[in-house]
Amino acid sequence: MSPRGRTALLMAGIVAIFVAAGLLAHSRAAFDPVRDHSSERRNPWGTAAWRELIEACGVATATWERPLTELSPDQEFVVILAPTDELTRERWDALVAWVRGGGRAVVGPSSFGPLGATGRWDPDSLDARLRDLGIDGLRGPSFGGEVSTQMAHALTADVDEVLVPGEYRLAVSAEERPAGVGEPVVLLADGAGAGAVVLPIGEGTLIALAEAEMFANATIGEADNVVFAANLVFAGDAPATVHFDEYQHGVRQEIFSGPRVDPRPFQHTGLALLVVAVIFAIGRGRRFGAPQSPAGPARRGAADYVRAFAGLYERAGAAGAAAAMLAAGLRRRVARAAGVPASAPPEAVLAALNARGLAAAEVADLLSRLDDAGSGTGARELLALAREVARYERMLGP
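Worth saying up front: this structure is predicted, and the values here are computed from it rather than measured. Positions within a chain are numbered from 1, following the residues in the order the chain's sequence is written. Selection of residues for local features in this predicted model requires a pLDDT of at least 70, selection of side-chain atom pairs for listing and counting requires 80 or more, and totals for whole chains, interfaces and linings are taken over all residues. Excluding hydrogens and water, the side-chain figures rest on all heavy atoms present in the structure.

1. Looking at the overall build of the protein chain
By the criteria applied, helices consist of DSSP H or I runs no shorter than four residues and strands consist of E runs no shorter than two, each listed in order from the N terminus. In terms of regular secondary structure, the protein chain is built from 11 helices and 11 strands. Burial classification: accessible surface area is computed with a 1.4 Å probe over protein chains only, and a residue below 20% of its type maximum counts as buried, one above 50% as exposed, and the rest as partly exposed. Expressed as a percentage of its 398 residues, the buried residues of the protein chain come to 43%. Taken as a whole, the protein chain presents about 20500 Å² of accessible surface, with 56% of it coming from carbon and sulfur. Each accessible area is a Shrake-Rupley estimate made with a 1.4 Å probe; only the visible protein chains count as cover when residues are assessed.

Right, here's the structure in full:
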């Protein structure tokens, strides 16, 4: 290969290594800064912990990547938390119609904007849609704190208090609700308002949370939040699958769209590649130190020479000499691997080799067979011994 070809191959290898290392480090260790409540995020704001809890209890979960207008009776339970895209009236009406037919839905807004998002956040559309059903959102300056159970209910079994970390609460409106919408039931509340409300709609149920943050990864372990989160799924008949809506978080089951991607790992990779290119260019243009003559070819092992001249030794009746040369080379290699002088007694060499966890017994047996080889040893036997010597030489290292 020409020097230019080797240079191109080297640069391509460096690029591949840096890109792979950057993507691998991001996927496994990088902190995810996007503050939305996706069930696929394991940062403090995501809800992956709730999803994993459901799966650990034997109920399957799935990511819903289609519009709410495509919900069907095949879906039993849908979770929609803090949509970052506008929850249009068409999609909401489709969700309500699906609940009316027997579905269960959990919805909740967010009291925090999505840090690091690409400008998409719609905190008001879910509020407006809930208001159509007679549930108003209350936005206090700094509510925070815990809400308490207000009544005995399957959804509040073993629940005393649930932490609502932000400023949002709910209130039941006195206005008339649409046809088919039953009387709301306040499950959790404090002096500022409700933390969770159950709204029967037709044959199904809609559960409104004051905040999606109640089930965020950083909060679900507080107070009785995890018990309440489990009750929402397992009270009554547990569904076969809980669908977490990610369509409203920007996930689309389409060719040219998908979730937001943090560009910083790619920027860091590009910067690293630029640094490598600069260093390479400087190194090609400037000599460091005096020129050095190229080193000669690495010395080949004794086994290679025995293979090459095995026939010649056999015809000359000197197979024993070839075996002796092979044994001498192996002893030198064994002594170097054991860290003892080549002049050390064989017993000391093998003991040191065994102490290093290497195959001392097998090497001793091979050396014994080499010592026993004489002029009557054929080329085939000699080559077999040479192959064994080569294998142990590779095992013992350079």
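2. Focus: the confidence of the model for the protein chain
Averaged over every residue, the pLDDT of the protein chain is 77; the share at 70 or more is 74%. Residue-level confidence of the predictor, termed pLDDT, takes values from 0 up to 100. Here a residue-residue contact requires only that any non-hydrogen atoms of the pair lie within 4.5 Å. Note that pLDDT drops below 50 for residues 114–120; the model gives that stretch 17 contacts with residues more than four away or on any other chain. Predicted confidence for residues 254–260 stays below pLDDT 50, and this span has 14 contacts to residues more than four positions away or in other chains.

3. Re helix 5 (residues 225–234)
Each turn of an α-helix holds 3.6 residues, which means side chains three or four residues apart point in the same direction. Within helix 5, seven of the 10 residues are buried, leaving the element largely enclosed by the surrounding structure. Taken residue by residue, helix 5 has Asn 225, Phe 228, Ala 229, Ala 230, Asn 231, Leu 232 and Val 233 as its buried positions. Downstream of helix 5 by one or two residues, Gly 236 has phi in the positive range, about 80°.

4. As for the nonpolar core
What makes a nonpolar core is a set of buried Ala, Val, Leu, Ile, Met, Phe, Trp, Tyr and Cys residues whose side-chain atoms join them at distances within 4.5 Å. By size, the foremost hydrophobic cluster in this structure holds 56 residues, and its most contacted members are Trp 50, Trp 92, Leu 95, Val 107, Leu 209, Phe 228 and Leu 232. Tallying contributions element by element places strand 9 (residues 193–201) first for this core, with six residues. Beyond its immediate stretch of four places on either side in the chain, Trp 92 contacts Leu 87, Val 107, Leu 126, Arg 129, Leu 130, Leu 133 and Leu 206.

5. Looking at helix 10 (residues 360–372)
One fewer than the residue count of a helix, multiplied by 1.5 Å, yields its expected span. Here helix 10 contains 13 residues, and its C-alpha end-to-end distance of 18 Å stays within 8% of the 18 Å for a straight helix at 1.5 Å per residue. Along helix 10, the residues classified as buried are Ala 360, Val 363, Leu 366, Leu 367 and Leu 370. Angularly, the buried residues of helix 10 cover 125° about the axis, an arc narrow enough to put them on a single face. For helix 10, the exposed residues set more than 90 degrees away from the buried face come down to Ala 361 and Asp 372. Of all possible arcs, the one meant is that of the directions from the helix axis to the C-beta atoms.

6. Thoughts on the pattern of salt bridges
Pairing between side chains of opposite charge can happen when their charged atoms approach one another. Think of a salt bridge as a Lys or Arg side-chain nitrogen and an Asp or Glu carboxyl oxygen that are within 4 Å of each other. Counted under the stated rule, the structure contains seven salt bridges. Between Arg 169 and Asp 190 there is a salt bridge whose closest N-O contact spans 3.0 Å. Residue Arg 169 is located in strand 7 (residues 168–172), and its partner Asp 190 is located in strand 8 (residues 185–190); the two are separated by 21 residues in the primary sequence. The class of Arg 169 is buried, set by a relative accessible area of 0%. Given a relative accessible area of 27%, Asp 190 falls into the partly exposed group. Connected through salt bridges with shared partners, the residues Arg 89, Arg 129 and Asp 132 form a single ionic network.

7. A few points about the packing of aromatic side chains
Only rings of Phe, Tyr and Trp enter the pairing, Trp through its six-membered ring, and a pair is recorded when the two centres are within 6.5 Å. The plane angle decides the type: under 30 degrees is stacked, over 60 is edge-to-face, the rest tilted. Using the criterion set out here, one finds three aromatic pairs in the structure. Ring centres of Trp 50 and Phe 215 lie 4.6 Å apart, and the angle between their planes is 50°; on these two criteria the pair is classed as tilted. Remark: Phe 215 occurs in the loop between strand 10 (204–209) and helix 5 and Trp 50 occurs in helix 2 (residues 48–56); sequence separation between them is 165 residues. Across the pair, exposure class does not vary: Trp 50 and Phe 215 are buried alike. An aromatic cluster of at least three residues, connected via ring pairs, comprises Trp 50, Phe 215, Phe 228 and Phe 244.

8. Looking at the environment of Ala 321
Relative to the assigned elements, Ala 321 resides in helix 8 (residues 319–338). Judged by relative accessible area, Ala 321 falls into the partly exposed class, the value being 43%. Separated by 49 residues in the primary sequence, Ala 321 and Leu 370 place their C-alpha atoms 10.0 Å from one another.

9. Digging into a nonpolar patch on the surface
What makes a patch is a set of residues exposed beyond 30% relative accessible area and free of salt bridges, joined within 9 Å when like-charged and within 5 Å when nonpolar (Val, Leu, Ile, Met, Phe, Trp, Tyr). Together, Leu 271, Leu 274, Val 275, Val 278 and Ile 279 make up an exposed nonpolar region whose accessible area comes to about 470 Å². Taking the relative accessible area as the measure of exposure, Val 275 reaches 43% and is therefore partly exposed.

10. A closer look at the environment of Arg 177
For Arg 177, the position within the fold is in the loop between strand 7 and strand 8. Considering only alpha carbons, one finds Arg 177 and Asp 132, 45 residues apart in sequence, at a separation of 7.5 Å. Beyond its immediate chain neighbours, meaning those up to four positions away, Arg 177 contacts Leu 133, Gly 134, Val 172, Gly 182, Glu 183, Pro 184 and Leu 199. A distance of 2.7 Å separates polar atoms of two side chains, one belonging to Arg 177 and the other to Glu 183. Polar contact is the term for a pair of N or O atoms within 3.5 Å; when the atoms are in protein, one must be able to donate a hydrogen and the other to accept it, and sequence-neighboring residues count only if both atoms are side-chain atoms.

11. Let's talk about the packing of helix 2 against helix 5
The geometry of helix 2 relative to helix 5 is characterised by a closest axis approach of 11 Å and an angle of 55° between their N-to-C directions. Between helix 2 and helix 5, the angle is such that the two are oblique. The handedness of the crossing between helix 2 and helix 5 comes out as right-handed. Between helix 2 and helix 5, the residues in contact are Trp 50, Leu 53 and Ile 54 and Val 226, Ala 229, Leu 232, Val 233 and Phe 234, respectively. Axes, fitted as lines to C-alpha atoms, cover a helix only where it is in contact. Angles between the N-to-C directions of the axes lie from 0 to 180 degrees. Angles below 35 degrees are treated as roughly parallel, those above 145 as roughly antiparallel, those between 65 and 115 as roughly perpendicular, and all remaining angles as oblique. By convention, the crossing between two helices is left-handed when the near helix turns anticlockwise from the far helix through less than a right angle, and right-handed when the turn is clockwise.

12. Focus: the pairing of strand 5 (residues 146–149)
Strand pairing is assigned whenever DSSP detects at least two bridges linking the two strands. As judged from the three bridges shared by strand 5 and strand 6 (residues 161–163), these two strands associate in the antiparallel manner. By the bridge assignment, Glu 146 is partnered in strand 6 with Leu 163. Taken together, the two bridges between strand 5 and strand 8 define a ladder with antiparallel strand orientation. Within strand 8, the position partnered with Ser 148 by the bridge is Ala 189.

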